[in-house]
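Residue strings, one per chain:
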Amino acid sequence: MSEDNDHKPETDEQLAGKIKGSARQIWLAGLGAYTKAEDDAGRFFERLVQEGEQLETKTRGVVEKQIKSVEDRVGDVRQRATGTWDRLETMFDERVSGALRRLGIHRREDIEAMERRIQALEAELQSIKDKEEERSEEE
């Protein structure tokens, strides 16, 4: 019977205690794994946010440089286009003015200058008339 005692199956209480101990260890290991994963996930998330911020800063700088480059090119093109339009406008004005002169049609500036001369001459003529009238009245 001594062999029976050495290989005697465990009692229900002992077996239940071992199962309970194993279940507790599994439970605690699960909690530990969950906590570790949560901590790692939080650190991982924070690291991702930092890397995202760094990438955003870098790309913002690159994009701003590209925008500045495009704006500079647009400014150059705008200046050239404005200069071209100004030259075209001047050439057009000169040609139209030349054609009008050949037809005997004066420019507005010429007509306005003549009107000012006429007004000055009329004022001078009126002044001479006024002086003659004063002389006639004195005699």
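Computed from a predicted structure; not experimentally measured.

(A) Structural context of the environment of Asp39. Structurally, the position occupied by Asp39 is in helix α2 (residues 12–102). In this structure Asp39 comes out as partly exposed when scored by relative accessible area, which is 41%. C-alpha of Asp39 to C-alpha of Arg107: the two residues are 68 residues apart in sequence and 86 Å apart in space.

(B) Fine view of a negative patch on the surface. On the surface, Asp130, Glu132, Glu133, Glu134, Glu137 and Glu138 cluster together to form a negatively charged patch. Along the polypeptide, Glu133 turns up in helix α3 (residues 108–138). The partly exposed category is assigned to Glu133, whose relative accessible area is 48%.

(C) A look at the pattern of salt bridges. Summed over all chains, the structure comprises two salt bridges. In this structure, the salt-bridge partner of Lys68 is Asp72, at a minimum N-O distance of 3.2 Å. Separated by four residues within a single helix, Lys68 and Asp72 lie in helix α2, roughly one turn from each other. With a relative accessible area of 48%, Lys68 lands in the partly exposed category.

(D) Examining a nonpolar patch on the surface more closely. A cluster of nonpolar side chains, Trp27, Leu28 and Leu31, forms an exposed patch at the surface whose accessible area comes to about 320 Å². Topologically, Trp27 is positioned in helix α2.

Cut-offs applied
Residues numbered from 1 in each chain as written. Predicted model: local features only at pLDDT ≥ 70, side-chain atom pairs only at ≥ 80, totals over all residues. Heavy atoms only, no water. Helix = DSSP H or I, 4+ residues; strand = E, 2+ residues; numbered from the N terminus. Buried < 20%, exposed > 50% of the residue type's maximum accessible area, 1.4 Å probe, protein only. Patch = residues over 30% accessible without salt bridge, like charges linked within 9 Å, V, L, I, M, F, W, Y side chains within 5 Å. Areas by Shrake-Rupley, 256 points an atom, 1.4 Å probe, with all protein chains shown as cover. Salt bridge = Lys/Arg side-chain N within 4 Å of Asp/Glu carboxyl O. Lys, Arg positive; Asp, Glu negative; His and termini not counted. Charge placed at Lys NZ, Arg CZ, Asp CG, Glu CD.

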